[in-house]
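The lines below spell out each chain.
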Amino acid sequence: MHSNSVRVEPVSGPVGAEILGIDLASDLAETDVALIRDTLFDRGVVFFRDQSITPDQHIAFAERFAPINVNRFFAHAEGYPAIAEVRKEPEQKKNIGGGWHTDHSYDQVPAMGSILLARELPPVGGDTLFASMFAAYDALSDGLKATLEGLRAVHSSRHVFGAGAKRLSDPADDLKGRLRNADQATQDAVHPVVIRHPGSGRRALYVNPGFTLRFEGWTDDESRSLLDYLYRHAAKPEFQCRFRWREGSVAFWDNRATWHYAVNDYHGERRLLHRITLEGAALS
């Protein structure tokens, strides 16, 4: 059984919870794993503070929840292909994840979650925003819910990570070296616009500005107005929480239930986080 000292404290109304009293470096009891999973599926993202874990312990913790999805496009931590680096150096201007998105929605079977660990941080800045797609869906009108119910959307990695990505022709682009394998960015997938979460059964909006291109059977122009409306709606502050990182902080989010946005407000400083991504299940 888990200790009575374990506590779950929500950090905003719709999304996010901090779990206190669990040491992620330890061999977690099944009850603690179940508590983390249940809270994740309910709150969309869970946070842990003051964790001192090695890369091997990071991997061991991740594997308690699902097999690891080795990221194709991020540089990885030296000696650990399963751990992607989310890094920005003092001389670099662009960050990774600096816009609302959902990891791996371009895969046929999208990732279940991501576990991000802070290694090096700027003195201030570099927060991450999370938005609940449960709350975004719930707040839609019944009429729009009915319209979206039968729609499917096309997602792709090509325009972000591929050889034809617009950023590659930008002389100011400084993501080179942090992103790689553009030739492997050939993923296209079609998913329901409204999904039933595989873990909780709740309905969630499943489009995102980073990787969604259009509705299936619609042109880009036909899709744009409705997608833009959904993006504006889902990014409302009342659906969000903001996480301020400290060294040893961990954020574990559910990619089926949230968006996230890495705030790029720390130019001239180094920021390094380690991310492990977990395999998911087909969406319906």
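Let me sum up the structure you'll find in this document.

What counts, and where the lines are drawn
- Residues numbered from 1 in each chain as written.
- Predicted model: local features only at pLDDT ≥ 70, side-chain atom pairs only at ≥ 80, totals over all residues.
- Heavy atoms only, no water.
- Helix = DSSP H or I, 4+ residues; strand = E, 2+ residues; numbered from the N terminus.
- Buried < 20%, exposed > 50% of the residue type's maximum accessible area, 1.4 Å probe, protein only.
- Areas by Shrake-Rupley, 256 points an atom, 1.4 Å probe, with all protein chains shown as cover.
- Pairing = 2+ DSSP bridges.
- Axes fitted to C-alpha atoms, helices over the stretch in contact; angles between N-to-C directions.
- Polar contact = N/O pair within 3.5 Å; in protein donor to acceptor, adjacent residues only side chain to side chain.
- Contact = heavy atoms within 4.5 Å.
- Arc of directions from axis to C-beta.
- Phe/Tyr/Trp six-rings, centres within 6.5 Å; stacked < 30°, edge-to-face > 60°.
- Lys NZ or Arg CZ within 6 Å of the ring centre and 35° of its normal.
- Right-handed = clockwise from strand over helix to strand, strands pointing away.
- Core = buried A, V, L, I, M, F, W, Y, C linked by side-chain atoms within 4.5 Å.

**Regarding the overall build of the protein**
Then comes step 1: Scanning the protein from terminus to terminus reveals six helices and 17 strands.
Then comes step 2: Dimensions of the protein along its principal axes, counting C-alpha atoms only, are 50 × 45 × 30 Å.
Then comes step 3: Scored against the burial criterion, the 284 residues of the protein give a buried share of 54%.
Then comes step 4: By element, 50% of the accessible surface of the protein is carried by carbon and sulfur atoms, the whole surface being about 12100 Å².

**Structural notes on the sheet that holds strand β13 (residues 212–215)**
Then comes step 1: Reading across from one edge, β10-β9-β13 is the order of the three strands in this open sheet, with antiparallel pairing throughout. Each edge of the open sheet is held by one strand with a lone partner, namely β10 (188–192) and β13. Neighbour to neighbour, the strand axes of the sheet diverge by 30° on average, direction disregarded.
Then comes step 2: The sheet contact formed by strand β9 (residues 152–156) and β13 spans three bridges and is antiparallel. Looking at the pairing, Ala153 lines up with Phe215 of β13.

**Some thoughts on the sheet that holds strand β14 (residues 240–243)**
Then comes step 1: The strand order across the open sheet formed by three strands is β14-β8-β16, and the pairing between neighbours is antiparallel. This sheet does not close on itself; its edge strands, each paired only once, are β14 and β16 (258–262). Strand-to-strand, the axes of this sheet are offset by a mean angle of 20°, without reference to chain direction.
Then comes step 2: Inspection of the sheet shows strand β8 (residues 128–132) paired to β14 by four bridges, in the antiparallel sense. Its bridge partner lying in β14, Ala131 is registered against Gln240.

**Side note on the side chain of Arg43**
Then comes step 1: Tracing the sequence through the fold places Arg43 in helix α1 (residues 30–43).
Then comes step 2: One polar contact links the side chain of Arg43 to the main-chain carbonyl oxygen of Ser12, over a distance of 2.5 Å.
Then comes step 3: Those residues in contact with Arg43 that lie beyond four places of it in its chain are Pro10, Val11, Ser12, Gly13, Pro14, Val15, Gly16 and Ala17.

**Side note on helix α2 (residues 55–63)**
Then comes step 1: The set of residues buried in α2 consists of His58, Ile59, Phe61 and Ala62. With its buried residues spanning 160° around the axis, α2 presents them on a single face.

**Quick word on the packing of aromatic side chains**
Then comes step 1: By the definition in use, this model includes 18 aromatic pairs.
Then comes step 2: Centre to centre, the rings of Trp100 and Trp259 are 5.9 Å apart; their planes meet at 45°, and the pair counts as tilted. Of this pair, Trp100 sits in the loop between β6 (80–88) and β7 (113–120) while Trp259 is found in strand β16, placing the two residues 159 residues apart along the sequence. Assigned by exposure class, Trp100 and Trp259 land together as buried.
Then comes step 3: Linked through ring pairs, Phe47, Phe130, Phe243, Trp245 and Trp253 together constitute an aromatic cluster.
Then comes step 4: The ring of Tyr266 has Lys88 lying over it, and the distance from NZ or CZ to the ring centre is 4.4 Å.
Then comes step 5: Its end group placed over the ring of Phe134, Arg202 keeps NZ or CZ at 4.1 Å from the ring centre.

**Some words on the pairing of strand β3 (residues 45–48)**
Then comes step 1: Because side chains alternate across β3, one face comprises the buried residues Val45 and Phe47, and the other comprises Val46 and Phe48, equally buried.
Then comes step 2: Note that strand β2 (residues 17–20) and β3 share two bridges and pair parallel. Paired with Glu18 across the bridge in β3 is Phe47.
Then comes step 3: Read from β2 through α1 to β3, the crossover connection turns out right-handed.

**A short note on the environment of Ala25**
Then comes step 1: With respect to the element layout, Ala25 can be found in the loop between β2 and α1.
Then comes step 2: In the structure, Ala25 is positioned 32 residues away from Gln57 in sequence and 5.7 Å away in space, judged by C-alpha atoms.
Then comes step 3: Ala25 has contacts with Gln51, Ser52, Ile53 and Gln57, leaving out every residue within four places of it along the chain.

**Quick look at the nonpolar core**
As a rule of thumb, soluble globular proteins bury nonpolar side chains together.
Then comes step 1: Counting residues in hydrophobic clusters, the biggest one holds 31 residues, and the most contacted among them are Met133, Leu148, Val193, Leu205, Val207, Phe215 and Leu230.
Then comes step 2: Those elements that provide at least two residues to this core are β8, α3 (133–138), α4 (142–149), β11 (194–196), β12 (203–205) and α6 (220–234).
Then comes step 3: Not counting residues within four places of it along the chain, the set of residues in contact with Leu230 comprises Leu140, Leu144, Leu148, Leu205, Val207, Phe215 and Trp259.
Then comes step 4: Judged by nonpolar contacts, the second largest core, of 28 residues, contains Ala62, Ile68, Ile115 and Ile276.

**Details of the environment of Asp188**
Then comes step 1: Following the sequence through the fold, Asp188 ends up in strand β10.
Then comes step 2: By relative accessible area, which is 32% here, Asp188 ends up partly exposed.
Then comes step 3: When the C-alpha positions of Asp188 and Ala62 are compared, they lie 26 Å apart, and in sequence the two are 126 residues distant.
Then comes step 4: Setting aside its immediate chain neighbours within four residues, Asp188 contacts Tyr106, Gln108, His155, Ser156 and Arg158.
Then comes step 5: A distance of 2.8 Å separates the side chain of Asp188 from the side chain of Ser156, its partner in a polar contact.

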